[in-house]
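Observations on the model geometry
Here are the chains, one letter per residue:
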Amino acid sequence: MERTSGGPRDQGFDAFLPLSEAVYQILLSLEDRPRHGYAVIQDIRRRTGGTVNLTASTLYGALKRLRGDALVAEVDAPPDEEDDDPRRRYYLLTERGRRLLRAEAMRLRAALATAVRRGLVPPDLEGG
Amino acid sequence: MKGTRWSVRLFRAAVRVLLPSWSRDELGSQVESTGVRLLDDARSEGGALREARTLARELSSLTALALRERTTGRDESSLGGEGTVMMGQDVRFAFRMLTRNPGTTVASLLTLALGIGAVTAVFSAVNGVLLDPLDYRRPERVVLVGERGPSGGYSSLSWENFRDWQESDVFDAVAAFSGTSVSVSGEGAPERIRGLFVSASYFDVVGIRPALGRAIEAGEDEPGGPRVAVLSWGWWQERFGGDPDVLGRTIRLNNEPHTIVGVMPRGFRSPFDTPSAWISLQTAPRDLDRSSRDLQAIALLREGDDAATAGARLGRVAAGLAERYPDANEGWGAWAIRLDGWVSGRYRPLLLGLLAAVAVLLLIAGANVAGLQLARTEARTRELAVRAALGGSRGRLVRQLLVENGLLVALGGALGLGLSFFGVDGLVALNPGLDAFFDVGVDGRVLAAGVGVTSLVALGFGLLPALAAGRLDPGTLLAGRGGATGRRGARARSALVVGQVALSLALLVSAGLLVRSMMALGRVDPGFDTDKLLTAEFRLTGERYDTPDEIVAFFDQVVDRIAKLPGVEGVTTAQHLPFGDRGTIPFILEGTEPDLDRAPRVELSRIMPGYVKVMGMKLLRGRGLDADAGLDDPVEAVVGETTARELVPGDALGRSFYISEDLRVARIVGVVSDVSLSLTEGPARSVYLNQRQDPSAFASLAVRTGGEPMQLARPVREAVWSVDPDQPVWEVMPIQDRMAATVAGQRFGMTLLSFFGVLAALLAAVGIYGVMAHTVGARTRELGVRLALGAMEGRVLRLVLVRAATLVAGGVVVGLLLAWWSATLLDSLLFGVTSRDPLTFAAAVVLLATVAFLAAWLPARRATRVDPVRTLQDT
C-alpha cells in the first residue's frame, strides 16, 4: 500500500511536467477503467465537449511513450466488453501513471489557487 | 466490409509508407484501424467534407509521428523528450558543439554560404529577366508587332500603315517608335543620348504615366505638330539636377527645339535600350512614304485576345491595305508576338544554364556539409553510446543533432543571403546589359527563394546525419567495433563523394568548353589590325551640315587636326566600322535587272581614302580610292575580295553597281582584303564608297595610335570641338573594347562557370579528404596491426590510395556521362570547339584526378605514420 504523494515535485516526474493537454486527457481516460484507443478518443471528445479532438497518430504515439515510461500498461479486455475485434488492445493507467496524473492535478490546483487569490477567477468552481 | 473509399485507401497506404518497418506491426496497425473508424464516423456525421478534413488532420499527425519514429529508433520512447523548453536547451547545446570544432564548422558555414549565396544571386537575375522582364503595367498583354515582307521576313512598319492599323480595331492601343541616338545641345555641354521617338499611344500601351508632368498627347505626334519630350528619371537627375521646374523648358534635340513636358518614374526601364528621353515621333528623321518602313511598334491586346488571334486579324487588315495600296503594300502581311517572351528570350538560355550550374554547386556544397556532419556524428559515437547505455533518450540526442545541423544551415543561409547581394552586383558588373534592361536585384520573391533553398538544404542534408545517428546501437559502439554503423555511414559518405566528383566533372567540362570558345574567339583574325586603334562616333545634324560640301569639309578638317596630334600614326573615317552599326544595300550590277527583293545584300560603308592603310587591310588588285576625287567626279568604290569573287562574274575592276534608288552608280576601282564584322561570322561581303564623293553624315572615326589608345581620347575630342564646339563625340574607346562587348554574354557565362567549376572541384576535394581521413581513422587499428606485422609502408599507402582511386574513378565515370549530356546544352554558346571535344574532357578529368589525388595523399601519408605499438595498446 503506498502513501499518497505530497506536492507535484515527487517521484522524479520533473521531466514530465507540465503534461500536454493531450497526454493529460489520455491519462484521465485510462484512470477509471481499461479502454481501447478509439474509446479513449471518444471519451475525451465527450468529456471536453469536442474541444480536444485527438487523431489516431497522436493517441498511439502518446500511448507508446507512456508505455515506455511505465505510466500506462496494456491489459486484457475486461470481461463485460462486447468485443467485435479480438485484436483490439486495452490500456490502463499504472500506479506510477496515477501518481503522475495526481502530480499534474496538484500542479494545476496550485496554479488555479494563485489565480483565485488574485481575483482573476471567482473562488467557487465546484461542479463547473 | 463495405467497398473501401479512396480516403480509407489513402490513409492505409500512408500508414504503410510513412511509418518505419519496425513500428508498422504494432503501432501501425492500431493507428490504421482506429484512424479508419474515425474517418467512418466523420463521414456519417458530416459527409464527405468532414471526412476530408479529418483525413487531412490524420495525415499530418501521421507524418509527425512517422518523423518522430524514424529519428527516435526502435525501442526508445519517452515522454520526457517533448516541449519547447527542451528546444532552447538544444539550441544552446548546439552552439557549444559547433564552437568546439571550429575548423569543420567554419568550413561547413563557408561552403553553405557560397552555395546558397550563389543560388540566390543567380535567381535574382532569373527573377528580373525571365519572370518579370517588363516594367509595364499589363506586361502579359503587350505584343511586338510589325509588317511581314513578301518573302516572309520580319520587317518594321511604315508611318502610313501604322496610322491605318491604329484606325482598325485589332488592338486596344498601337504605338509606333524608333530608337536612335540624339544629339543634345543648347544650354549645357553637347551630349549624345539614347532617344526613343514615340507616338502618343505609347504611354497607353505601356500603361505607365510620367511621375512628373504629363505624357505626349495625341496631336503632338503629327507631322508639323508641337515638339515635346518626356525625360527619364536618371537623365533628369543627371543633366537637370532633378530640378522640378524643368517642365516647360526647352532643349535642342537633333538641333530642333523641344519642350519638356514630363519626367518618367524612377527606375522605369524600357526593353528597347532604356532611353534618356521619349520624344514625340514626328520629329524623327524619316519619310512619310508608305513604303518607307522604319518604325517599330508595340500594341496592347484586347481583353481576352492572344498574340496569335490578334496577329491573324492584323494580317487581314494588312491584306485590305494591300488591295487599297498595291504599290506599297502588295504582298505585305503582319506579325505579332508577345513582348515579354521576345525580351527575355535573349537571355533565357544563359540564365537557365547558370541556374542549373549553381544548383549543382549547391548540391555539392550540401553534400560536403552532410559529409562533414556525418563524420562529426561518428566521431561522437562514443559519447552517444555512453549516453544511450546510461538510459539517456536517444530521441533527444537525435533531436540535438538535427538542431545542430539546422543551426548550421540557418547561419550559413543567412551568410549566404548577405553574400548574394555582392553576388548580384558582380553579376551585373560582368554583364552590364542585364542592369540596363532589367530590374535585377534582391526583392521579396528572391529572398523567399533564398530562404526556401536554405530550408530545403537544411531538410535534405540535415536529415542524413540525424538518420544515421538514429541507427546507433549502444552495444556494438561500446565494444568499440562500430562496425555496422561505421560501414553504413562510410558508404553514405562514399556515395556522396562519388556524386560530388561527378558533378564537379560536369561543371569543369562545361567551363572548359566555354574557355576554349573564348580562346578561339580571341584568335579570330577579323581582317584588320585591331591593336592600338581608337574609335569614336559622330552623327552630324542640323543646318550646318545640310550640303555634301559642308559634310566633306567638316570631316576633312577633323581628320587633318587629329593627324597632327602627337602619337597619332594614322586617322580615317568610315560610315560603319567593323563591330559597330551596319548598313546594307542590295548589290545590283549595272546593266542587270534590278530586283530589290531578291538581290544579294552587301555591307556598305563610306570611307575616307586611306582607310585601307590605316585599318591595316591590304589592297589586292587595282588601286585605292582617290583622295582628290571630288563631288562632281564619277563615284568610285572598292569592294572586298569575297564580294568580287562571289558577286561579280569575271573581273570586278571596271564594273559598276547601283548605289541608290535613282540609279546612280559607282565604279569598282580596287579589290581589298576581307574583314569580318563580328567574331562569329566569317568575312563579310563589303563594298566601300568614297566618303568625299558620296558623303554620309554618320561616321565613325578610327585613329591608329603609337601608344595607349585611351590616352588620346581627350585630345581627339578637343580636336573635334576645335572644328565644331557643338558636335558631341561619342563612345570613344579602343576597337578591342567594342569587340569584347559583342561576346560579353559568352565571357560572362565562361567566367562564372569556370569559377563554379573550380569551386566545385575544391569542394569535391574536401569531400574526398574527409572520406579518406575517416577511412584511415576507422582503420587505424587494422593499419597499425599490418605495420606491426611488417607490412611495408608503401603497401599501406597503396591500400589507402587504391580506395581513394576507386571512389574517384566511380565519380569520373558518372561524371563523364553527366558531362556528355550537359555539354550539349551549351551547343549554341560554343565557337570553334564541339561539345564533344575530347581534349577538354581529358583535361577536366586530369585536373579533377590531380586534385583528388592530392586530397587523398595527406590522409594516406598519415596512415603510414600510424604507430603500430600505440594503436595496439589503444583499444
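Our structure's up above, just so we're on the same page.
Here goes a summary of the coordinates provided. Predicted model only: the values in this text are computed from it and were never measured.

Some points on the overall build of chain B
The secondary structure content of chain B amounts to 27 helices and 23 strands. Contacts in chain B between residues at least 24 apart in sequence constitute 80% of all its contacts with a sequence separation of at least 6. Surface summary for chain B: the accessible area is close to 39,000 Å², and the carbon and sulfur share equals 57%.

Points about the overall build of chain A
Assigned secondary structure in chain A consists of four helices and three strands. Ordered by position from N to C terminus, the α and β elements of chain A give α-β-α-α-β-β-α. Within chain A, contacts between residues at least 6 apart in sequence are counted, and of these 58% link residues at least 24 apart. A total accessible area of about 7,300 Å² is found for chain A, and carbon and sulfur atoms account for 50% of it.

Notes on the sheet that holds strand β1 (residues 35-36) of chain A
Strand pairing in a sheet is mediated by backbone hydrogen bonds. Such pairs are either parallel or antiparallel. Residues and elements named next belong to chain A. The strand order β1-β3-β2 describes an open sheet built from three strands, whose pairing is antiparallel. A strand with exactly one partner marks an edge of an open sheet, and here the two such strands are β1 and β2 (72-75). Relative to strand β3 (residues 90-93), β1 runs antiparallel, the two being bridged by two bridges. Directly across from H36, in β3, lies its bridge partner Y90. Against the sheet, helix α3 (residues 56-68) contacts β2 and β3, and its axis sits at roughly 100° relative to β2.

Notes on the interface of chain A and chain B
Contact residues are listed per partner, giving 28 residues for chain A and 24 residues for chain B. For the pairing of chain A and chain B, the buried interface totals around 2,300 Å² over both sides, and the portion due to carbon and sulfur atoms is 51%. The largest per-residue losses of area from chain A upon contact with chain B belong to Y38(A), K64(A) and R65(A), which jointly make up 31% of the total buried on that side. At the junction of chain A with chain B, the criterion picks out two salt bridges. In this structure, E26(B) engages R89(A) in a salt bridge whose closest nitrogen and oxygen atoms are separated by 3.9 Å. Of all the secondary structure elements, the ones that give two or more residues to the side of chain A that touches chain B are α2 (37-47) and α3 of chain A.

Quick word on helix α18 (residues 548-563) of chain B
Residues and elements named next belong to chain B. Here α18 contains 16 residues, and its C-alpha end-to-end distance of 22 Å stays within 8% of the 22 Å for a straight helix at 1.5 Å per residue. Within the sequence span of α18, burial applies to I551, V552, F554, F555, V558, V559 and I562. The buried residues of α18 occupy an angular sector of 160° when projected down its axis, which confines them to one face.

Some words on helix α21 (residues 713-723) of chain B
Along an α-helix, residues three or four apart share an orientation, since each turn contains 3.6 residues. Every buried residue belonging to α21(B) is among A713(B), V716(B), A719(B), V720(B) and V723(B), and all of these are buried. The buried residues of α21(B) occupy one face: seen down the axis, they fall within an arc of 130°.

Regarding the nonpolar core
Core analysis: the largest hydrophobic core is formed by 104 residues, its most contacted members being M617(B), F756(B) and I768(B). By size, the runner-up hydrophobic cluster in this structure holds 43 residues, among which are L19(A), L27(A), A56(A) and L93(A).

Some points on the side chain of Q30(B)
Mapped onto the elements of the fold, Q30(B) is located in helix α2 (residues 21-72). Only 2.6 Å separates the side chain of Q30(B) from the side chain of Y91(A), close enough to count as a polar contact. With sequence-adjacent residues up to four places away left out, Q30(B) is seen in contact with Y60(A), R89(A) and Y91(A).

Here we look at the packing of helix α1 (residues 21-32) of chain A against α2(A)
Residues and elements named next belong to chain A. The interhelical angle for the contact between α1 and α2, taken along N-to-C directions, is 105°, at an axis separation of 9 Å. Compared by their axis directions, α1 and α2 come out roughly perpendicular. Contacts between α1 and α2 involve Q25, I26, L28, S29 and L30 from the former and V40, D43, I44 and R47 from the latter. In the contact of α1 with α2, the residues fall into five nonpolar, two polar and two charged.

Quick word on the packing of aromatic side chains
Residues and elements named next belong to chain B. Tallied over the entire structure, the rule returns twelve aromatic pairs over all chains. Between Y202 and F203, the aromatic rings sit 5.6 Å apart at their centres with planes inclined by 85°, giving edge-to-face as the arrangement. Across the pair, exposure class does not vary: Y202 and F203 are buried alike. An angle of 80° between the planes, with centres 5.2 Å apart, marks the rings of W233 and W236 as edge-to-face. Pair noted here: W233 and W236 are both in helix α7 (residues 233-240), with a separation of three residues, about one helical turn.

Some words on the pattern of salt bridges
Residue and element names in this part refer to chain B. Applying the stated rule across the entire model yields 40 salt bridges over all chains. Among the salt bridges present, the one from D40 reaches R5, with a minimum N-O distance of 2.9 Å. Taken as a pair, D40 in helix α2 and R5 in the segment before α1 (6-18) lie far apart in primary sequence, 35 residues in all. According to the relative accessible area criterion, R5 is buried, its value standing at 17%. Note that E636 is salt-bridged to R623, the shortest N-O span being 2.5 Å. Here E636, found in strand β18 (residues 636-640), pairs with R623, found in the loop between β17 (619-622) and β18; they are 13 residues apart in sequence, far enough to count as distant.

Quick look at the packing of α1(A) against α3(A)
Residue and element names in this part refer to chain A. Their axes nearest at 11 Å, the elements α1 and α3 cross at an angle of 75°. One way to sum up the angle between α1 and α3 is to call them roughly perpendicular. Residue-level inspection shows V23, I26, L27 and L30 of α1 in contact with α3, the latter providing L59, A62, L63 and L66. Taken together, the residues that form the contact of α1 with α3 break down as eight nonpolar, no polar and no charged.

Some points on the pairing of β18(B)
Residue and element names in this part refer to chain B. Within β18, five of the five residues are buried, which leaves it mostly tucked inside the rest of the structure. Here five bridges tie β18 to strand β20 (residues 665-672), and the two strands are oriented parallel to one another. Looking at the pairing, V638 lines up with G670 of β20. Sheet topology places β18 next to strand β21 (residues 686-690); three bridges connect them, and they run antiparallel. Of the residues in β21, the one forming a bridge with A637 is L689.

Observations regarding the side chain of E147(B)
Residues and elements named next belong to chain B. Take E147: it is sitting in strand β1 (residues 142-148). In this structure the side chain of E147 is engaged in a polar contact, spanning 3.2 Å, whose partner is the backbone nitrogen of S158. Side chain to side chain, E147 and N161 meet in a polar contact 2.9 Å long.

The rules behind the values
- Residues numbered from 1 in each chain as written.
- Chains lettered and ligands numbered in written order.
- Predicted model: local features only at pLDDT ≥ 70, side-chain atom pairs only at ≥ 80, totals over all residues.
- Heavy atoms only, no water.
- Helix = DSSP H or I, 4+ residues; strand = E, 2+ residues; numbered from the N terminus.
- Contact = heavy atoms within 4.5 Å.
- Areas by Shrake-Rupley, 256 points an atom, 1.4 Å probe, with all protein chains shown as cover.
- Pairing = 2+ DSSP bridges.
- Axes fitted to C-alpha atoms, helices over the stretch in contact; angles between N-to-C directions.
- Buried area = accessible area lost by both parts, 1.4 Å probe.
- Salt bridge = Lys/Arg side-chain N within 4 Å of Asp/Glu carboxyl O.
- Expected span 1.5 Å × (residues − 1).
- Buried < 20%, exposed > 50% of the residue type's maximum accessible area, 1.4 Å probe, protein only.
- Arc of directions from axis to C-beta.
- Core = buried A, V, L, I, M, F, W, Y, C linked by side-chain atoms within 4.5 Å.
- Polar contact = N/O pair within 3.5 Å; in protein donor to acceptor, adjacent residues only side chain to side chain.
- Parallel < 35°, antiparallel > 145°, perpendicular 65-115°, else oblique.
- Nonpolar A, V, L, I, M, F, W, Y, C, P; charged D, E, K, R; others polar.
- Phe/Tyr/Trp six-rings, centres within 6.5 Å; stacked < 30°, edge-to-face > 60°.

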